[in-house]
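# Results of the structural survey
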Amino acid sequence: MQQQRCDVVVVGGGAAGLSGALALGRARRSVLVIDAGEPRNAPASHVHNYLGRESTPPAELLAIGRGEAAGYGAEIVEGRVASAEKLPEDGAGEPGFRVVTEDGRSVEARRLLVTTGLVDELPPVPGLAERWGREVLHCPYCHGHEVADRPIGVLATGPLAVHQALMWRQWSDDVTLFLHTGPEPTEEEYEQLAARGIAVVDGEVTDLEVADDRFTGVTLASGRVVPREALVVQARFTARSAVLESLGLEPVAQEMAGAVIGTYIPTDPTGATEVPGVWAAGNVTRLTEQVIGAAAAGLMAAGAVNGDLIMEDTRLAVAARRA
Ligand SMILES: Cc1cc2nc3c(=O)[nH]c(=O)nc-3n(C[C@H](O)[C@H](O)[C@H](O)COP(=O)(O)OP(=O)(O)OC[C@H]3O[C@@H](n4cnc5c(N)ncnc54)[C@H](O)[C@@H]3O)c2cc1C
């Protein structure tokens, strides 16, 4: 980190952060991206539904993005930001922030764009984490086409499980709902499942069957093995909000159909948080955002940050002119 003070520090270099850095670099702002290098979709082999780059490996898409942002002067460094603090206003009334990394480096910036993403917390079934993003899946738009017409299981852990089963039925006519620790479906839901040809299996799933490094089925507490080639789970989406929390922001619970699906940091539509000078974009503030949406949100926030700096530059210029 060569710059001691820059216009904007971007915390997190995934799709949202790099898109913001690209736009800010093109707006002739000095930008430093600090990235811990753990994008959420790293376990997946390809990024889908990214127009113009369909089926690109996640690391390749980010490498392209880093090159594009760096091409407009953005500096991108590896590191994990531990905390950020608001600096006292200087004599000209300009606010600013100090960002400190876990290894003790610090940098100051006029504005912050925080794009730290979220953590997928998986249900506590042995083996799920090892196969996450490969055959243990959550998002039909990310993976549905790749497992189309295959035997799919849906692991119920909450009230959204029936909805998930009905969703995945769009991609395969062989879907089984494992009731596991989820609630008993209502009469209406049982009718919907039956009408769509979705099997329902009672009992807890205790293990995953794997052969030749492929997921082949689930084991129930009874010992019964049900062959499957993909297993859909409801992960809890927990915003990686530590940096924003260090600035005084609080994550709030996100509900969907009466179920809490995770936490996020609220912003306005441009990504502005309740702390003036701090923006957030991507999964840290919108849990269901996909890669292209995260990139779009990073761009939107970058525009707002640049607009804010333009107004500040103008205010400082007027004050200097009058002096
Ligand atoms: C298995 C899986 C497959 C997916 N497949 C697809 C798909 O095919 N298509 C699609 O559109 N979406 C897909 N998604 C969703 C996609 O991952 C997200 O939409 C996208 O990653 C959000 O981008 P982001 O920039 O907000 O966060 P991320 O991509 O997670 O980037 C956040 C970055 O910030 C860094 N970071 C975090 N904390 C700090 C810190 N304190 N200091 C510095 N850096 C930090 C992280 O290391 C990471 O590099 C998938 C998700 C999963 C889990």
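For the structure, check the block above.
The paragraphs below set out a description of the structure included in this document. (Residues numbered from 1 in each chain as written. Predicted model: local features only at pLDDT ≥ 70, side-chain atom pairs only at ≥ 80, totals over all residues. Heavy atoms only, no water.)

Below, the discussion takes up a negative patch on the surface. Taken together, the side chains of E184, E187, E188, E191 and D202 present a region of like negative charge at the surface. Relative to the assigned elements, E191 resides in helix α6 (residues 187-195). The exposure class assigned to E191 is exposed, which follows from its relative accessible area of 58%. (Patch = residues over 30% accessible without salt bridge, like charges linked within 9 Å, V, L, I, M, F, W, Y side chains within 5 Å. Areas by Shrake-Rupley, 256 points an atom, 1.4 Å probe, with all protein chains shown as cover. Salt bridge = Lys/Arg side-chain N within 4 Å of Asp/Glu carboxyl O. Lys, Arg positive; Asp, Glu negative; His and termini not counted. Charge placed at Lys NZ, Arg CZ, Asp CG, Glu CD. Helix = DSSP H or I, 4+ residues; strand = E, 2+ residues; numbered from the N terminus. Buried < 20%, exposed > 50% of the residue type's maximum accessible area, 1.4 Å probe, protein only.)

Bringing unusual backbone geometry into the picture now. Although it is not a glycine, D149 sits at a positive phi angle of roughly 70°. Within the secondary structure, D149 is located in the loop between α4 (140-143) and β9 (152-155). In this structure, H180 takes a positive phi of about 40° despite not being glycine. Within the secondary structure, H180 sits in the loop between β10 (175-178) and α6.

Here the focus is the pattern of salt bridges. This structure, assessed with the given rule, holds 21 salt bridges. Among the salt bridges present, the one from E108 reaches R5, with a minimum N-O distance of 3.5 Å. One end of the pair, E108, is in strand β6 (residues 106-114); the other, R5, is in strand β1 (residues 5-11), with 103 residues separating them in the sequence. Take R5: its relative accessible area is 36%, and that puts it in the partly exposed class. A salt bridge links E289 to R286; the nearest nitrogen and oxygen atoms lie 3.5 Å apart. Residues participating in the shared-partner salt-bridge network are D7, R29, R110, R111, D308, E312, D313 and R315.

For the rest of this paragraph, the subject is the sheet that holds strand β17 (residues 252-256). Strand order in this open sheet of four strands is β7-β16-β18-β17, and the pairing throughout is mixed. Of all strands in the sheet, those bounded by a partner on one side alone are β7 (118-121) and β17. Averaged over all pairs of adjacent strands, the angle between their axes in this sheet comes to 30°, without regard to strand direction. Direction of pairing for β7 relative to strand β16 (residues 236-239): antiparallel, over a ladder of four bridges. The residue bridging V119 from the neighbouring strand is T238, located in β16. (Pairing = 2+ DSSP bridges. Axes fitted to C-alpha atoms, helices over the stretch in contact; angles between N-to-C directions.)

This next bit is on the environment of R224. When you line up the elements, R224 lands in the loop between β13 (214-220) and β14 (225-227). For R224 and G203, which are 21 residues apart along the polypeptide, the C-alpha to C-alpha distance reads 9.8 Å. Those residues within four positions of R224 in sequence are excluded, and the remaining contacts are V201, V218 and T219. (Contact = heavy atoms within 4.5 Å.)

Close contact between helix α1 (residues 15-26) and helix α2 (residues 58-71) brings their axes to 8 Å; oriented N to C, the two are set at 20°. By the angle between their axes, α1 is roughly parallel relative to α2. Crossing handedness for the pair α1 and α2: left-handed. On α2, the residues that touch A15, L18, A21 and L22 of α1 are L62, G65, R66, E68 and A69. The residue makeup of the contact of α1 with α2, split by class, is six nonpolar, one polar and two charged. (Parallel < 35°, antiparallel > 145°, perpendicular 65-115°, else oblique. Left-handed = near helix turned anticlockwise from the far one by under 90°. Nonpolar A, V, L, I, M, F, W, Y, C, P; charged D, E, K, R; others polar.)

Quick look at helix α8 (residues 291-322) now. Relative to the 46 Å expected for 32 residues at 1.5 Å per residue, α8 spans 47 Å between its end C-alpha atoms, a close match to the ideal helical length. Every buried residue of α8 is accounted for by G293, A294, A295, A297, G298, A301, A302, A304, V305, N306, L309 and E312. In the core, the buried residues of α8 are packed alongside β1, α1, β6 and β19 (278-280). (Expected span 1.5 Å × (residues − 1).)

Turning our eyes to something else, we now look at the site of the ligand. What surrounds the ligand is a group of 38 residues, the closest being D35, E38, H48, V81 and E289. Note that an oxygen atom of the ligand is positioned 2.7 Å from one of the side-chain N or O atoms of D35. In this structure, R40 approaches the ligand through a main-chain N or O atom, which is 2.9 Å from an oxygen atom. Out of a free accessible area of 1000 Å², the ligand has 98% covered by protein chains. (Near = heavy atom within 4 Å. Polar contact = N/O pair within 3.5 Å; in protein donor to acceptor, adjacent residues only side chain to side chain.)

Read these as geometric descriptors, not functional statements.
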